[in-house]
Amino acid sequence: MREEMRAEKREKRQRKSVIYYYIAIVITAFFGTGLSLYLKGGVPFVKEGAPIFMKIAGIVVVLLLTILLYCKAQKRKWKIVGVISIVLLAAVFSWFASGISKEAALKPHTLDTPETEFSRYDIQDGHFTVKEPNPNIIKEINEDVLKNVVIHFSKPIEQNIAIKVMYTNRKDEDFSKEKKVNFKAQKGATQAVVPVEQRDVSRVKIVIGKKIGAQFDFGSIELNGNYQERLKEKERDFLVYYSMFIALPCCFFLFASLKGRQKLESNIIIKILAFPFALCVPLGIFLALLVKYLVEWVKVTCGDVAFSTILLQLTSPIKGTDSGIIHSIIQTAVLPPVILTVMVVLCYIFFKRELYTLKIFSQKKIPRWSKIIIELCVAVILLHTIHVQGSEIGMWEYLRNSREVSIFYEDYYVDPDNTTVTFPDKKNNLIYIFMESMESSYTDKAEGGTMDVNYIPNLTKLAKENVQFSDKADKKMGGPVCLEGTAYTAGGLVAQTSAINLKVKNAGTVSDTFLPNLTALGDYLDKEGYQQVFLCGSDGDFAGRDAYFKTHKNYKIEDYNAAIKEGDIPKDYKVYWGHEDKILYERAKKQLKKLSSENKPFNLTMLTVDTHFPTGFLCSLCDNKYNTTYGNAVACADKQVYDFINWIKQQDFYENTTIVIVGDHTSMVDTGSQFWKPLSGNYIRTVYNTIINPQCAYKEAATQNRRFTTMDMFPTTMAALGAKIDGERLGLGTNLFSGKETLREKMGGNYINKELKKNDKKYNKFY
């Protein structure tokens, strides 16, 4: 009797311990997931958290039902009922996890349209010309989410056609405040898919055609036109999730019911393969999560950047990097994988103990053969994650391109050492101001930008009063584009001072030489007797900038460390990347006074930093005028540089000084952010540029409607100093003052980009 009571108590304790383990699994899973979502900046229990928690709940419920079925169902009919329940529950959870139910609410509305009718046209010499090809279709709708708009043409269109999609939400019915997406349908197309993604859309207006002479017909318009493709994707997701939910009970029964386990456990090969389980599985899970979160951080923080840029930054020294960026990476991309890995390991331990308590396993350790299966699953997950995330950031395309050989530099690179360049006897000083991430795009639409307001009115004024090279007409703001390997600071500096792109082998240099076999702007100016200073408010070591300027040539590096050494800032002073731009401009004034007092021409090259991604930096001079931190940082940078230029104009050396103000590259701030909300789909973002006091003759036409790159700034700056360049080309750049055709105008940016990504033997000789 006493033994029976003891056995009953043991059984009760076992049942309780099983419940405790299960509760521990649930709490660990939900807490770990919620904390990781919170750290990476999601909205855990509303947007991002709900789908994840539903999947966790599905796993927990299916596992619980499986264990109960194995332990309690004795009769055959209950086993059948249990299996059917698992199958149905797996289907339900897979259905909701895949998002098919939400996608079903996004069925397209098709709007049939008659053949185009035009209000004005002419027939001259038998030729039909449309003067106002502007059919407006307005559709009242009620959509939770509007994805795409597809225009179906009744026949292939005979020329490129401009399409504008405008939409309003339920809060604002006024089309004067509508969101716009501009699109261009290509000649010969039978449909145009206009990418739109907006919630709570109440009305859509489609404007087709603008240019005089457009001739086209269209048959119908679909709202949410890519519904079928999205639905197929969701159906594939459903199959993946369903397979996962069904695999869980199958694996459990396999683990619990496999015969001959003892013999299998003693096999020497099984022992060897199972040995690294405790290291390989947690490490594999962590690496898979780390890869995913790092890629997500790059996409969210930096936007759509090339893999070569990512690789260059990874191979560069992190010394001098803004602590805010490092903190952001740790918080949003490193800590969540650590927490999730710990969560998975704890859940595994609790689950293993639970199976031992239920006597499904005779030992506290999970069988070796099951460890091998888990190792294989984790290896597959890791490889799949690397493959998918590598595709997301263009890694595989980069590797394919790097294996291809190009002779682009051999064909088009003009070696400065073999080019006759003649400087005037009276040499102008040079002040070259690299403004971090400064774009012409920051102006409003009326000035040629993409914003609703002009964030850079002072820079706009300077551009209009002096020389700006623009890709637009009518003196609207524009500029060059950044090609492969030039869309970040180190690449931008190299591109604009030597007219080449920067490849991986050049990044992260810690030696005293950087591209030693290259001739750059600094090399020319050094030969002409210029004193040269590179001034920045961050650590000059970052990305090998000091090594580059010392190599090309003999620049004095006045960086953050020099500011401390010279007493410009206290020893313990550090904000953002080092010190803010308001201190940089004061240091620049100090340097200019010193340089101008000596009887030599000078080159002061300086780099600002307050507009660096992701949000910029606001100093005490900045106003809180706009609704984004980055917008306020850009406006503040605009004011500070304008005040600095006005100070220079009051100095004695101004008349003999050429000033170049240019962005180092286009901004890396994610275009999905609030700041970029006014950005339209087909707008080409360009780098800001202005040249004050150029010492060369030029025609006004040479400054407008130009298609050029930041590499063209090298020979253009030389010409601005009065230098005569035989052939008007240096490196891959063209002197824009000459009006001569640039490489981008000659062959297009896409082709050049494709070639710059490849392995080039002539380029390799630079180092």
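Preceding this section is the structure that the text describes.
Along each chain, residues carry numbers from 1 onward, in the same order as the chain's sequence is written. Only residues with pLDDT of at least 70 get local features here, since the model is predicted, and only at 80 or more are side-chain atom pairs given and counted; chain-wide, interface and lining totals rely on the full set of residues. Computation of side-chain values covers all heavy atoms of the structure but excludes hydrogens and water.

Enquirer: Looking at this structure, I do not really get empty space enclosed by the protein. What am I missing?
Expert: To find the voids left in a structure, one rolls a probe of water-molecule size over its atoms. Detection works on a 1 Å grid of protein atoms alone, calling trapped sets that fit a 1.4 Å probe cavities and calling open sets with protein on both sides within 12 Å along at least five of seven lines pockets, with lining residues defined by an atom within 4 Å of a point. Grid points are joined across faces, edges and corners, and a volume is the space filled by probe spheres set on the points. By the definition in use, this model includes 2 cavities of 30 Å³ or more. By volume, the largest cavity amounts to about 50 Å³. In this structure, the largest cavity is lined by L483, T709, M711, D712, L732, T742, L743, R744 and I752. Charged residues are taken to be Asp, Glu, Lys and Arg, nonpolar residues to be Ala, Val, Leu, Ile, Met, Phe, Trp, Tyr, Cys and Pro, and polar residues to be all remaining types, Gly included. When its residues are assigned to classes, the lining of the largest cavity shows 5 nonpolar, 2 polar and 2 charged.

Enquirer: How do you make sense of unusual backbone geometry when you look at a structure like this?
Expert: Geometrically, the link from H552 to K553 is a cis peptide bond, its omega value of -5 degrees lying close to zero. Inspection of the secondary structure assignment puts K553 in the loop between α17 (545-551) and β13 (556-558). Here the residue pair F613 and P614 is connected by a cis peptide bond, since its omega of 5 degrees sits within 30 degrees of zero. Unlike most non-glycine residues, A499 shows phi in positive territory, near 60 degrees. Secondary structure counts use DSSP, requiring at least four H or I residues in a row for a helix and at least two E residues in a row for a strand, with both numbered from the N terminus. Mapping A499 onto the fold places it in the loop between α15 (489-498) and α16 (521-527).

Enquirer: Just checking my understanding: could you explain the pattern of salt bridges for this structure?
Expert: Close approach of charged atoms allows side chains with opposite charge to pair. Whenever Lys or Arg places a side-chain nitrogen within 4 Å of a carboxyl oxygen from Asp or Glu, that contact is recorded as a salt bridge. Evaluation of the coordinates by the stated rule reveals 14 salt bridges. Notably, a salt bridge pairs D568 with K590, separated by 3.0 Å at the nearest N-O pair. Taken together, the residues span a long stretch of sequence, with D568 in the loop between α18 (560-565) and α19 (581-596) and K590 in helix α19 at a distance of 22 residues. By relative accessible area, which is 27% here, D568 ends up partly exposed. Buried residues are those whose accessible area, probed at 1.4 Å on protein chains only, stays under 20% of the maximum for their type, while exposed residues exceed 50% and partly exposed ones sit between those limits. Here K590 falls in the partly exposed class, since its relative accessible area comes to 39%. The shortest N-O distance in the salt bridge between K758 and E755 comes to 3.2 Å. Residues K758 and E755 agree in their burial class; the two are buried. Several salt bridges share partner residues, and in doing so they unite K556, E558, D568, R587 and K590 into one network.

Enquirer: Honestly, the state of the cysteines in this entry has me stumped. Any pointers?
Expert: A covalent bond between the sulfur atoms of two cysteines is what we call a disulfide. When the sulfur atoms of two cysteines come within 2.5 Å, that pair is taken as a disulfide. Taken as a whole and judged by the stated rule, the model has 1 disulfide. Two residues share a disulfide in this structure: C622 and C636, whose sulfurs sit 2.2 Å from each other. An S-S torsion of about -85 degrees defines the bridge between C622 and C636 as left-handed. Note that C622 is positioned in the loop between β14 (602-607) and α20 (629-649) and C636 in helix α20, a separation of 14 residues in sequence. With relative accessibility at 15%, the residue C622 sits in the buried group.

Enquirer: Help me understand the sheet that holds strand β16 (residues 689-692) in this model?
Expert: Taken in spatial order, the 6 strands of this open sheet run β13-β12-β14-β11-β15-β16, and their pairing is mixed. Of all the strands in the sheet, just β13 and β16 have a single pairing partner and so form its edges. Neighbour-to-neighbour, the strand axes of the sheet open up by a mean angle of 10 degrees, direction not taken into account. Paired strands, in this sense, are two strands between which DSSP finds at least two bridges. Taken together, the 4 bridges between strand β15 (residues 657-663) and β16 define a ladder with antiparallel strand orientation. The residue of β16 that forms the bridge with I659 is I692. Angles here are taken between N-to-C directions and fall from 0 to 180 degrees, while the axes themselves are lines fitted to C-alpha atoms, restricted in helices to the stretch in contact.

Enquirer: Can you help me understand the side chain of R706 in this one?
Expert: Relative to the assigned elements, R706 resides in the loop between β16 and α21 (713-720). In this structure R706 comes out as buried when scored by relative accessible area, which is 5%. Two N or O atoms count as a polar contact when they lie within 3.5 Å, although within protein this holds only if one can serve as hydrogen donor and the other as acceptor, and sequence-adjacent residues are included solely when both atoms are side-chain atoms. In this structure the side chain of R706 is engaged in a polar contact, spanning 3.0 Å, whose partner is the side chain of E745. Among residues more than four places away in sequence, those in contact with R706 are S470, D471, L736, G739, K740, T742 and E745. Working rule for contacts: check all heavy atoms of both residues, and any pair within 4.5 Å makes them a contact.

Enquirer: Is there a simple way to think about the environment of V81 in this case?
Expert: Of note, V81 is situated in helix α3 (residues 76-98). Judged by its relative accessible area of 41%, V81 is partly exposed. The spatial distance from the C-alpha of V81 to the C-alpha of L69 is 9.3 Å, given a sequence separation of 12 residues.

Enquirer: How should I be thinking about the side chain of Q468 in this particular structure?
Expert: With respect to the helices and strands, the residue Q468 is situated in the loop between α14 (457-465) and α15. Owing to a relative accessible area of 7%, Q468 belongs among the buried residues under this scheme. Within polar-contact distance, the side chain of Q468 engages the backbone oxygen of G478 at 3.4 Å. In this structure the side chain of Q468 is engaged in a polar contact, spanning 3.3 Å, whose partner is the backbone oxygen of N689. The residues touching Q468, leaving out its near neighbours within four places in the chain, are S440, A463, K476, M477, G478, Y688, N689, T690, T703 and Q704.

In short, shape yes, function no, at least from these values alone.
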